[in-house]
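# Descriptive analysis of the structure
Now for the letters of each chain:
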Amino acid sequence: MVAMRLIGEIDPARPLLVVAVAQEAAYLDSGLPVLLTGMGKVNAASAVAATLVGAVRPTCVVNLGTAGALKPGWSGTHEVRSVLQHDLDSAVLHSLTGETVGAPLDLDLGLDLDTAAAAPSATGPVLATGDLFVSDEPARLRLAEHADLVDMEGYAVAAAARAAGVPVRLIKHVSDEAGEGAAKTWRESVDACAVLLAAWVRENLG
């Protein structure tokens, strides 16, 4: 497991930025604390849970990161309205135990970070999270039936924050088309994505 790293100190009056890897956080200069979790659901969930267990908690967790587009036409920076796990067979687990495990999470968009009140909104993409870097066409087409974007941490961050009772937002910038060559495209585009994610923070979080 990659060791998490908290840059700065948690401020009870301000949000906490949560980012998987340093490349995605390279241009963050807002003065807000940044939690680097490492890639994947286990790293993301354990880092967020460990950070939020303390007595001092942020107003909100804001997960910033890159995502692959599962459908044509998706580009730019988006706030996610719903997130699901694409590598967990909830239906099979329900048939075995009678319990719902890992259900999709609906997120509140347009969160007022001063009051932690949410403005209802139905816009924004559906994000699929899983411990698989999607880089082949069959996988992309399969996931596109259920979601618009794909990443490796969003669901875990949202679930851990919700378990701790802290509001959460997922902000994703499209870095690739989640098909053949996606890994190469991500390496080539992550720096530009980091610039735009930092710009979103400056414009929306101050």
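Since the structure is predicted, the reported quantities are computational estimates derived from the model, not experimental observations.

If you tally the helices and strands in the protein chain, you get five helices and twelve strands. Residues counted as buried form 50% of the 206 residues belonging to the protein chain. Considering only residue pairs separated by 6 or more positions, the protein chain has 74% of its internal contacts joining residues 24 or more positions apart.

In this section: the pattern of salt bridges. The full count for this structure, using the stated rule, is five salt bridges. Across the pair Glu137 and Arg140 runs a salt bridge whose closest N-O atoms are separated by 2.3 Å. You can see Glu137 and its partner Arg140 sitting in helix H3 (residues 137–144), three residues apart, about one turn around the helix. Classification of Glu137 by relative accessible area gives partly exposed; the value is 31%.

This paragraph deals with the nonpolar core. In this structure, Val61, Val83, Val168 and Leu170 are the most contacted members of the largest nonpolar core, which totals 28 residues. Elements with a contribution of two residues or more to this core: strand E2 (16–19), helix H1 (41–52), strand E4 (61–69), helix H4 (154–163) and strand E12 (168–176). Excluding anything up to four places from it in sequence, Val61 contacts Leu16, Val18, Leu52, Val157, Ala161, Val166, Pro167, Val168 and Arg169. Val62, Leu64, Ala198 and Trp200 belong to the second-largest nonpolar core, a separate cluster that totals 16 residues.

Before going further, it helps to examine a nonpolar patch on the surface. Residues Tyr27, Val195 and Leu196 make up a contiguous nonpolar surface patch of roughly 240 Å² in combined accessible area. On the secondary structure map, Tyr27 appears in the loop between E2 and strand E3 (34–36). Its relative accessible area of 35% is what places Tyr27 among the partly exposed residues.

Scoring rules and cut-offs
Residues numbered from 1 in each chain as written. Predicted model: local features only at pLDDT ≥ 70, side-chain atom pairs only at ≥ 80, totals over all residues. Heavy atoms only, no water. Helix = DSSP H or I, 4+ residues; strand = E, 2+ residues; numbered from the N terminus. Buried < 20%, exposed > 50% of the residue type's maximum accessible area, 1.4 Å probe, protein only. Contact = heavy atoms within 4.5 Å. Salt bridge = Lys/Arg side-chain N within 4 Å of Asp/Glu carboxyl O. Core = buried A, V, L, I, M, F, W, Y, C linked by side-chain atoms within 4.5 Å. Patch = residues over 30% accessible without salt bridge, like charges linked within 9 Å, V, L, I, M, F, W, Y side chains within 5 Å. Areas by Shrake-Rupley, 256 points an atom, 1.4 Å probe, with all protein chains shown as cover.

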